[in-house]
Amino acid sequence: MTGPERPRRADARRNVEGIRRAALDVFRSGGLTTPLDEVARAAGVSKGTIYHRFGSRRGLIDAVVDELVAERIQGIIAAVGRLDDPLARFEEYLLRMWLLQYDEPAANDVLLRAMPDSEPLVHLCERAQRFALGVLTDAQRAGAVRADLTPEDLHHLILERGVVVQAGLRQSREDYQRRLRFLLDGLRRVPA
């Protein structure tokens, strides 16, 4: 009996990996709220197989979140954290997060907390918010960023960019980045 079970286990592993790969592709192009039917179609399995292997949409998202978005957000935090200048850290963090939102629809779902019951996504979002608060505080202490900019303002500036991108008003990445510069310039402290 162990003979027949081995191929099923290998098939199950291939099935799980195929579903993961399909989910990464589908979620990258359409975000985390893309219907599971599309993931199933891309993986060549039934939607029931996804539920059997992952338990739920959240289970599937939890299985791919690190590769899908977490690595990129953690990379942004690490790269920005190495910068010495508080203004550069503040602006680079926002710019990189905004560009991630442009490039990766799933990042918007993470930041907008589209899956509030996903523990890995909640922890990732909270880590990004703590880091953003730190770069804001440091930039304000250095006198480089407007003193009236609150942590809530900063949070909304990030969320609003996601909404703009999700609205489907597609603009070139170059134009999007140029317009981000206007926002960043408006956040700098104006000398008295």
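Preceding this paragraph is the structure being described.
Overview of the structure.

## Quick notes on the layout of surface pockets
To find leftover empty space, one rolls a probe the size of a water molecule over the atoms.
Here is step 1 of the chain: Roughly 160 Å³ of internal volume is contained in the largest pocket.
Here is step 2 of the chain: Every residue lining the largest pocket is counted, 13 residues in all, and those nearest its centre are A128, Q129, A132, H155 and I158.
Here is step 3 of the chain: When contributions to the lining of the largest pocket are tallied by element, the ones reaching two or more residues are α5 (86-103), α7 (119-141) and α8 (151-166).
Here is step 4 of the chain: Split by residue class, the lining of the largest pocket holds 11 nonpolar, 2 polar and no charged.

## Some words on the environment of I77
Here is step 1 of the chain: Locating I77 in the fold gives a position in helix α4 (residues 57-81).
Here is step 2 of the chain: A residue is classified by how much of its surface remains accessible, and I77, at 8% relative accessible area, is buried.
Here is step 3 of the chain: Spatially, the C-alpha atoms of I77 and A22 are 27 Å apart, while their sequence positions differ by 55 residues.

## Here's the deal with helix α3 (residues 47-54)
Here is step 1 of the chain: What α3 keeps buried is the set T49, I50 and F54. Within α3, the buried residues cover an arc of 105° as seen down the axis, which keeps them to one side.
Here is step 2 of the chain: Where α3 ends, the next residue or the one after it, G55, has phi of about 85°, a positive value.

## Examining the packing of α4 against α5
Here is step 1 of the chain: Between α4 and α5, whose axes approach to 9 Å, the crossing angle comes to 160°. Judged by the angle between their axes, α4 and α5 are roughly antiparallel. Every pair of crossing elements has a handedness; the one defined by α4 and α5 is right-handed. From α4, R72, I73, I76, I77, A79, V80 and G81 reach across to α5, where they touch R89, E92, Y93, R96, M97, L100 and D103.
Here is step 2 of the chain: For the contact of α4 with α5, the class distribution of residues is 8 nonpolar, 1 polar and 5 charged.

## Quick look at the nonpolar core
Here is step 1 of the chain: The biggest cluster of nonpolar side chains holds 59 residues, and the ones touching the most others in it are F27, L32, V39, I50, L60, F90 and Y93.
Here is step 2 of the chain: When residues of this core are assigned to their parent elements, the largest contribution, 11 residues, is made by α4.

Criteria and thresholds
Residues numbered from 1 in each chain as written. Predicted model: local features only at pLDDT ≥ 70, side-chain atom pairs only at ≥ 80, totals over all residues. Heavy atoms only, no water. 1 Å grid on protein atoms, 1.4 Å probe; cavity = no way out; pocket = protein on both sides within 12 Å on 5 of 7 lines; lining within 4 Å. Points joined across faces, edges and corners; volume = space filled by probe spheres on them. Helix = DSSP H or I, 4+ residues; strand = E, 2+ residues; numbered from the N terminus. Nonpolar A, V, L, I, M, F, W, Y, C, P; charged D, E, K, R; others polar. Buried < 20%, exposed > 50% of the residue type's maximum accessible area, 1.4 Å probe, protein only. Arc of directions from axis to C-beta. Axes fitted to C-alpha atoms, helices over the stretch in contact; angles between N-to-C directions. Parallel < 35°, antiparallel > 145°, perpendicular 65-115°, else oblique. Left-handed = near helix turned anticlockwise from the far one by under 90°. Contact = heavy atoms within 4.5 Å. Core = buried A, V, L, I, M, F, W, Y, C linked by side-chain atoms within 4.5 Å.

These results come straight from atomic positions and should not be treated as a statement about function.
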